[in-house]
Amino acid sequence: MSEEEQIKRIKKIRNISIIIIIIIDVMLIGLLIFMQSSSKRSVSSCTTMSSQEKELYNSKISKYIGNEKKGSDVKIMIEEIITNNNQYIGEREKFISIYSKNIKAYKNEEKLEKINKKANVNEDSNGENNQENIDIAAKEYRKLAQKISSGKEYKVEAEYSDGIIYKVIITQNNEENADKEGKEDE
């Protein structure tokens, strides 16, 4: 092989190497862009939500907040929260916990608290609203809804973190009625 042929061969190898390097660079840039956009969607933080987005997020639940809410409305709110939590699976800070107070027919407040903390990062920094935790919470929320009397009135309070609802507390009004209902259901 002559010296001229060797130079041509070396130039071909160099050109092929340059093309391969360019292709790898383009692929790496594309992969980085994909990973960045995926991480923004999956680890969405409420701090990046605009005030309008926060208002829209809260609007599904805020209409149920108040002192004298019918049990039937509270049951609807619980289903709204379950739907909302399922809609935002895996998105940090977008899980709404439900707590109960003074609902004598419902006896699982401690279990409810553990379930909420497991799924809600606002209540426990290790909380994770994955599908499994949301399904467990939904099951317990529906048990709570069954113990709410449509004919009674309830106080519904909300707690906020960075402008969005992360926790709802349901309290049955009129303790005498709560005691009677608890005895009837036993």
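Being a predicted model, the structure only gives us computed values, none of them experimental.

> Explain the overall build of the chain here, please?
Each helix and strand in the chain was counted, giving six helices and four strands. Counting from the amino terminus, helix and strand elements in the chain follow one another as α-α-β-α-β-α-α-β-β-α. Relative to its full complement of 186 residues, the chain shows a buried share of 34%. Across the chain, contacts joining residues at least 24 apart in sequence account for 69% of those joining residues at least 6 apart. Carbon and sulfur atoms provide 52% of the accessible area of the chain, an area that totals close to 11,700 Å².

> When you look at the sheet that holds strand β4 (residues 164-172) in this model, what are you seeing that I'm missing?
Taken in spatial order, the four strands of this open sheet run β1-β3-β4-β2, and their pairing is mixed. Of all the strands in the sheet, just β1 (66-70) and β2 (97-101) have a single pairing partner and so form its edges. Mean inter-strand twist for the sheet, computed between neighbouring axes without regard to direction, equals 30°. Judged from the eight bridges that link them, strand β3 (residues 153-161) and β4 form a sheet pairing that is antiparallel. Within the sheet, the bridge partner assigned to Y160 lies in β4 and is I165. Against the sheet, helix α2 (residues 51-62) contacts β3 and β4, and its axis sits at roughly 15° relative to β4.

> Just to check I follow, could you spell out a nonpolar patch on the surface for this structure?
Taken together, the side chains of I16, I20, I24, L28, L31, F34 and M35 define a hydrophobic patch exposed on the protein surface, amounting to about 680 Å² of accessible area. The exposure class of L31 is partly exposed, given its relative accessible area of 45%.

> Even after reading the chapter, I still don't get the side chain of S100, so can you show me in this structure?
Here S100 shows up in strand β2. Polar contacts involving the side chain of S100 include one to the side chain of E109, which spans 3.2 Å. If near-sequence neighbours (up to four positions away) are discounted, S100 is found in contact with Y106, E109, L112, L144 and I170.

> Is there a simple way to think about the packing of aromatic side chains in this case?
Aromatic ring pairs are described here by two measures, namely the spacing of the ring centres and the angle between the planes. In this structure the tally under the stated criterion is one aromatic pair. Sitting over the ring of Y99, K167 keeps its end group 4.6 Å from the ring centre.

> What should I look at first to understand the pairing of β3 in this one?
On any regular strand, side chains alternate: one points to one face of the sheet, the next to the other face. Two elements, β1 and β3, share three bridges in a ladder whose sense is antiparallel. Residue K69 lies in a different strand from β3, and its bridge partner there is Y154. In sequence, β3 turns back onto β4 through a hairpin of two residues, with D162 there showing a positive phi of about 55°.

> Got a minute to help me understand helix α3 (residues 71-87) in this structure?
Every α-helical turn comprises 3.6 residues, leaving residues that sit three or four positions apart pointing alike. Look at α3: 24 Å from first C-alpha to last across 17 residues, which is about the 24 Å you get at 1.5 Å a residue. By the burial criterion, the buried members of α3 are G71, V74, M77, I78, I81, I82, N84 and N85. Considered in projection along α3, the buried side chains sweep an arc of 165° and stay on one side of the axis. Next to the buried residues of α3 lie α2, β1, β2, α5 (131-146), β3 and β4.

> Looking at this model, I keep getting lost on the side chain of E123. Mind explaining?
Here E123 shows up in the loop between α4 (109-119) and α5. Polar contacts involving the side chain of E123 include one to the side chain of S97, which spans 2.5 Å. Excluding residues that lie within four positions of it along the chain, E123 makes contacts with S97, Y99, N116, K117 and Y166.

Analysis parameters
- Residues numbered from 1 in each chain as written.
- Predicted model: local features only at pLDDT ≥ 70, side-chain atom pairs only at ≥ 80, totals over all residues.
- Heavy atoms only, no water.
- Helix = DSSP H or I, 4+ residues; strand = E, 2+ residues; numbered from the N terminus.
- Buried < 20%, exposed > 50% of the residue type's maximum accessible area, 1.4 Å probe, protein only.
- Contact = heavy atoms within 4.5 Å.
- Areas by Shrake-Rupley, 256 points an atom, 1.4 Å probe, with all protein chains shown as cover.
- Pairing = 2+ DSSP bridges.
- Axes fitted to C-alpha atoms, helices over the stretch in contact; angles between N-to-C directions.
- Patch = residues over 30% accessible without salt bridge, like charges linked within 9 Å, V, L, I, M, F, W, Y side chains within 5 Å.
- Salt bridge = Lys/Arg side-chain N within 4 Å of Asp/Glu carboxyl O.
- Polar contact = N/O pair within 3.5 Å; in protein donor to acceptor, adjacent residues only side chain to side chain.
- Phe/Tyr/Trp six-rings, centres within 6.5 Å; stacked < 30°, edge-to-face > 60°.
- Lys NZ or Arg CZ within 6 Å of the ring centre and 35° of its normal.
- Expected span 1.5 Å × (residues − 1).
- Arc of directions from axis to C-beta.

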